[in-house]
2 protein chains.
Amino acid sequence: MTPASATTDPAAGPRALAHPALAEIRIEGVLHALADPVRLRIVRQLADTTDHLACSTFDLPVSKSTTTHHFRVLRESGVIHQTYRGTAKVSGLRTEDLDALFPGLLATVLAASDRQAERLAAGLPTPG
Amino acid sequence: MTPASATTDPAAGPRALAHPALAEIRIEGVLHALADPVRLRIVRQLADTTDHLACSTFDLPVSKSTTTHHFRVLRESGVIHQTYRGTAKVSGLRTEDLDALFPGLLATVLAASDRQAERLAAGLPTPG
DNA sequence: CTCATTGTACGAGAGCCGTCGTATTTCGGG
DNA sequence: CCCGAAATACGACGGCTCTCGTACAATGAG
């Protein structure tokens, strides 16, 4: 709980973001958040790295407003954590929190998503 | 009718029900189906037994029409299998199919749901 | 300070979703 | 054959969601 980063502290600046506590995270909300294709894509990209990524680094097929909306749904459901860093807002998966509440859920969903992506990629490009 | 082939046997009878084939099941659809509290409750009850259960054996806080709707969502997303048995319609989880597509997904979600149920049951009855 | 970058707020619209009540269908039993 | 039980079909309604565009706020660089 030691505030390491000096530039942006979640609870210090005026641009603080509301995150649900562990006890407030619901499995229905998490599943609903992961059920959207755009959001699942975001989560998969976040899982590819251990770093926190800015929203602008995501190449999504929706507008900027819609991107904000999806990130908020992910944050308010407890799937991701967001922090301001300058004008950017970096996001990262709440892997530890989710694993503490629902062990293996995130990994299993990610594995299922990867599996489906491979399955669809193998079936679509060669229809003949 | 259904555009693509299904896993249902062709000579099942006049009241045959359309089920998605393995290749048609999508992780987004499964997650969306499981994200509803009523449907998750149905799935949890189905997981408690190996038998197939009639819709009337479920004690749900919704009307009969809504119950039919939820069972259809579960069936069309590939989560459950339904068959007519007289006037009743029995349902069972497509455990093997789901495990073949998304290994461990169903079990992990069910475990997460059980965990949350215990957590909420332990916190609510003693508010003061 | 000025400006470009980044993301938010707000309002709006289209569509889906969960819910219901009522009428209808299908089947087994008397 | 007629009736009751089980479930569906259909229409409807309210609410939420996904989407967008435009206007606005916050921050770092020059």
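Keep in mind the model is a prediction, meaning the values are calculated, not measured.

Caption draft 1: Up close: the protein's contact with DNA strand D. By nearness alone, 22 residues border DNA strand D, and Ser63, Ser65 and His70 of chain A together with Thr68 and Lys89 of chain B come closest of all. For DNA strand D, a phosphate oxygen lies 3.1 Å from a polar atom in the backbone of Cys55 of chain B. For DNA strand D, a phosphate oxygen lies 3.1 Å from a polar atom in the side chain of Arg72 of chain B. The set of elements that each furnish at least two residues to the surface near DNA strand D consists of α3 (64-76) of chain A together with α3 (64-76) and β3 (88-93) of chain B. Grouping the amino acids of the surface near DNA strand D by side-chain chemistry returns five nonpolar, 11 polar and six charged.

Caption draft 2: Spatial organisation of the layout of surface pockets. Residue and element names in this part refer to chain B. Space inside the second largest pocket adds up to approximately 370 Å³. Looking at the second largest pocket, it is lined by 18 residues, and the ones nearest its centre are Cys55, Lys64, Thr67, Thr68 and Lys89. The set of elements that each furnish at least two residues to the lining of the second largest pocket consists of α3, β2 (80-85) and β3. For the lining of the second largest pocket, the element with the highest residue contribution is α3, accounting for six residues.

Caption draft 3: Fine view of the relation of the copies chain A and chain B. Overlaying chain A with chain B gives an RMSD of 0.1 Å, the required rotation being 180° about an axis along which the chain moves by 0.0 Å. What we have between these two chains is a two-fold relation. Taken as a fraction of all interface residues of chain A, those also at the interface in chain B reach 100%, which identifies the copy contact as same-surface.

About the criteria used
Residues numbered from 1 in each chain as written. Chains lettered and ligands numbered in written order. Predicted model: local features only at pLDDT ≥ 70, side-chain atom pairs only at ≥ 80, totals over all residues. Heavy atoms only, no water. Near = heavy atom within 4 Å. Polar contact = N/O pair within 3.5 Å; in protein donor to acceptor, adjacent residues only side chain to side chain. Helix = DSSP H or I, 4+ residues; strand = E, 2+ residues; numbered from the N terminus. Nonpolar A, V, L, I, M, F, W, Y, C, P; charged D, E, K, R; others polar. 1 Å grid on protein atoms, 1.4 Å probe; cavity = no way out; pocket = protein on both sides within 12 Å on 5 of 7 lines; lining within 4 Å. Points joined across faces, edges and corners; volume = space filled by probe spheres on them. Least-squares fit on C-alpha atoms with pLDDT ≥ 70 in both. Contact = heavy atoms within 4.5 Å.

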